[in-house]
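Commentary on secondary and tertiary structure
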Amino acid sequence: MKTEVTAAVPVLAVRNLTTAFRGDGVWTTVVKGISFDIGPRETVAIVGESGSGKSVTALSIMGLLPAANSQVRGEILLEGRELLKLREDQMRKVRGNLISMIFQEPMTSLNPVLTLGFQITEALIYHRSLNRAQAEAETLRILERVRIPSARSRLHEYPHRLSGGMRQRVMIAMALACRPKLLIADEPTTALDVTIQAEILELINLLQDEEGMSVAFITHDMGVVAEIADRTVVMLNGHAVEQAPTARLFASPRAPYPRARPAPFPPSVSLMITVATTSVVWISVTLLTAPTDRATLVSFYRLVRPAGRGWEQIRAEAGVAPSPDSIPQMMLAWTTGCVFVYSALFGTGSFVYGHLQTGALWTVLFAVSGVMLFKLMRRMFA
Ligand SMILES: Nc1ncnc2c1ncn2[C@@H]1O[C@H](COP(=O)(O)OP(=O)(O)OP(=O)(O)O)[C@@H](O)[C@H]1O
Ligand SMILES: [Mg+2]
């Protein structure tokens, strides 16, 4: 993680951003009044579950949503300039000159029928007013910078000839070609294997230091967040539910998302540990709260006994009212009974909330404690 940057004047200030889409004549708001800042040279991660509105936020900032069926409200200030008030031709200059975006799906943003060299060169001629020779030299420099192997020969290739990792690098090259103030990277590494991911993150970091740009980094990957982000904004269902310096967020997360860090144990082991600790805690609580007088225990027995033929039979066999012999016996009956009740409750709860594995384990415990309870009662009261 990089050192914390104290942002003076933010490069980007988003205020109460609200984005809605129209479908079948109905407007649905998907980004619901979010606000955040990105300071100079700062990397801000935007995290959140799928569909929480991260890409829509990015596209709203870029002014790339179709005007016909979308509506963006609030304020987006780039170095104090209000982007939502700009005309499309002004906005086109901002995109590329001041803000660049690496899109979630690289293939959709590279033109398949134009060579890589041509695409980058044209962008440079348009945005940085270079002549063709200068632009071509710069294109080569940039491709080498993002470590495209044998860059010169790649200039004449079409996007489909590149591997996913290379395409992503070309996207980064294009995004950086115009030396933007702000880079918005939407899940730039999700589709890549881990080594290439690490290389690309390093590259963004390096270029950021050299070019002094700010970065908005959208990702699901909390490992990546921990590595690169100075600050993190957590989105949930269109709201920015939390934002804080990344270190602080990891230390004491308030919103649910950052807790999804890799578990220290495999899931099955964590599950066993959870069930074991809860069982121990509940058995201890049970023992500590157990009544010690016979009368209460006997009424407890009446309370927990299942209305079934089994019990009637026991009573019939015994021919007498229940009469346990000793306090330890009664305590054991009490404990088993309580575990029986807890397992039933936890099992049902787990199933209701969709934790099937936990539910299954509690059900096993329920069955086992049920049988134990039955046997104990039979022994004690018969
Ligand atoms: N053009 C559109 N028209 C209508 N609804 C849209 C449009 N684009 C996105 N949405 C809706 O907006 C919501 C947020 O989508 P968005 O793409 O921002 O999610 P996300 O956080 O980027 O998710 P992911 O992590 O899967 O990329 C979703 O419910 C999506 O269906
Ligand atoms: Mg997205």
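Criteria and thresholds
- Residues numbered from 1 in each chain as written.
- Chains lettered and ligands numbered in written order.
- Predicted model: local features only at pLDDT ≥ 70, side-chain atom pairs only at ≥ 80, totals over all residues.
- Helix = DSSP H or I, 4+ residues; strand = E, 2+ residues; numbered from the N terminus.
- Buried ≥ 20, exposed ≤ 12 C-beta atoms within 10 Å, placed from the backbone.
- Contact = placed C-beta atoms within 7 Å.
- Core = buried A, V, L, I, M, F, W, Y, C linked by C-beta atoms within 7 Å.
- Pairing = 2+ DSSP bridges.
- Axes fitted to C-alpha atoms, helices over the stretch in contact; angles between N-to-C directions.
- Near = placed C-beta within 6 Å.
- Parallel < 35°, antiparallel > 145°, perpendicular 65-115°, else oblique.
- Left-handed = near helix turned anticlockwise from the far one by under 90°.
- Nonpolar A, V, L, I, M, F, W, Y, C, P; charged D, E, K, R; others polar.
- Expected span 1.5 Å × (residues − 1).
- Arc of directions from axis to C-beta.
- pLDDT = per-residue confidence, 0-100.

Side note on the overall build of the protein
On a plain count of helices and strands, the protein comes out with 15 helices and 10 strands. For the protein, the proportion of its 382 residues judged to be buried stands at 33%. Sequence-distant contacts, at least 24 apart, represent 68% of the contacts inside the protein between residues at least 6 apart.

Things to note about the nonpolar core
By size, the foremost hydrophobic cluster in this structure holds 64 residues, and its most contacted members are Ile-172, Ala-173, Leu-182, Ile-184 and Ala-216. What Ala-173 contacts, discounting residues up to four positions off in sequence, is Ile-120, Ile-142, Leu-143 and Val-146. Among the nonpolar cores identified, the runner-up in size contains 13 residues, and Phe-340, Tyr-342, Phe-346 and Leu-361 belong to it.

A short note on the sheet that holds strand 10 (residues 239-245)
What the six strands build is an open sheet, ordered 6-7-8-3-9-10; its pairing is mixed. Only two strands of the sheet have a single neighbouring strand rather than two, namely strand 6 (99-102) and strand 10. Along the sheet, successive strands turn relative to each other by an average axial angle of 15 degrees, direction set aside. By the bridge criterion, five bridges tie strand 7 (residues 182-186) to strand 8 (residues 214-219) in an arrangement that is parallel. Pairing of Asp-186 across the sheet is with Ile-218, part of strand 8. Contacts between helix 1 (residues 54-62) and the sheet are confined to strand 3 (43-48), strand 6, strand 7, strand 8 and strand 9 (231-236), with strand 7 contributing the most and set at about 150 degrees to the helix.

Comments concerning the pairing of strand 3
Of all six residues in strand 3, six are buried, a share of seventy percent or more. Relative to strand 8, strand 3 is paired through five bridges, and the arrangement is parallel. The partner of Val-44 across the bridge, within strand 8, is Ala-216.

Some thoughts on the site of ligand 1
As a structural note, the neighbourhood of ligand 1 is formed by Phe-21, Gly-23, Val-30, Gly-48, Ser-50, Gly-51, Ser-52, Gly-53, Lys-54, Ser-55, Val-56 and Gln-104. Those elements giving two or more residues to the shell around ligand 1 turn out to be strand 1 (12-23) and helix 1. Looking at the shell around ligand 1 element by element, the count peaks at three residues for helix 1.

Some thoughts on the packing of helix 4 (residues 116-128) against helix 5 (residues 132-145)
How two helices pack is summed up by the angle between their axes together with the distance between the axes. One way to put it is that helix 4 packs onto helix 5 with a least axis distance of 9 Å and a crossing angle of 120 degrees. The angle between the axes of helix 4 and helix 5 places the two elements in the oblique class. Read as a crossing pair, helix 4 and helix 5 show a hand that is right-handed. Here Gly-117, Ile-120, Thr-121, Leu-124 and Ile-125 of helix 4 come into contact with helix 5, specifically with Arg-132, Ala-135, Glu-136, Glu-138, Thr-139 and Ile-142. Looking at the contact of helix 4 with helix 5, its residues break down into five nonpolar, three polar and three charged.

A short note on the environment of Arg-248
One can find Arg-248 in helix 10 (residues 246-251). Expressed as a C-alpha distance, the spacing of Arg-248 and Thr-232, which sit 16 residues apart in the sequence, is 9.6 Å.

Notes on the sheet that holds strand 2 (residues 26-38)
The sheet built from four strands is open, its strands ordered 2-1-4-5 with antiparallel pairing. At either margin of the open sheet sits one strand with a lone partner, and together these are strand 2 and strand 5 (81-82). Two strands pair when backbone bridges link them, and strand 1 and strand 2 are joined in this way by 10 bridges, in the antiparallel orientation. If you follow Ala-20 over to strand 2, its bridge partner there is Thr-29.

Some remarks on helix 5
Across its 14 residues, helix 5 extends 20 Å between first and last C-alpha, which sits within 8% of the 20 Å expected from 1.5 Å per residue. The complete set of buried residues in helix 5 reads Ala-135, Thr-139, Ile-142 and Leu-143. Down the axis of helix 5, the sector holding all buried residues measures 95 degrees, keeping them to one side. Summarising the geometry of helix 5, the exposed residues directed more than 90 degrees from the buried face are Ala-133 and Arg-141. Contacts made by the buried residues of helix 5 are with helix 4, helix 6 (151-154) and helix 7 (164-177). Of the residues trailing helix 5, Arg-147 is marked for its positive phi of about 55 degrees.

As for the confidence of the model for the protein
In the predicted model, the protein carries a mean pLDDT of 81, and 81% of its residues have values of at least 70. In this model residues 259-263 is a low-confidence stretch, pLDDT under 50, and it forms four contacts with partners more than four residues away in sequence or in other chains.

A look at unusual backbone geometry
Most peptide bonds are trans, and most residues other than glycine sit at a negative phi. Located in the positive-phi region is Asn-16, a residue other than glycine, with phi close to 50 degrees. With respect to the element layout, Asn-16 can be found in strand 1. You will see that Arg-41, though not glycine, has its phi angle at about 65 degrees, which is positive. Within the secondary structure, Arg-41 sits in the loop between strand 2 and strand 3. When the 17 C-beta atoms within 10 Å are taken as the criterion, Arg-41 is described as partly exposed.

Let's talk about the packing of helix 7 against helix 8 (residues 194-211)
The geometry of helix 7 relative to helix 8 is characterised by a closest axis approach of 11 Å and an angle of 10 degrees between their N-to-C directions. As judged from the angle between their axes, helix 7 and helix 8 are roughly parallel. Of the residues in helix 8, those touching helix 7 at Gly-165, Gln-168, Arg-169, Ile-172 and Leu-176 are Ile-196, Ile-200, Leu-203, Ile-204 and Leu-207. The class makeup of the residues in the contact of helix 7 with helix 8 is seven nonpolar, two polar and one charged.

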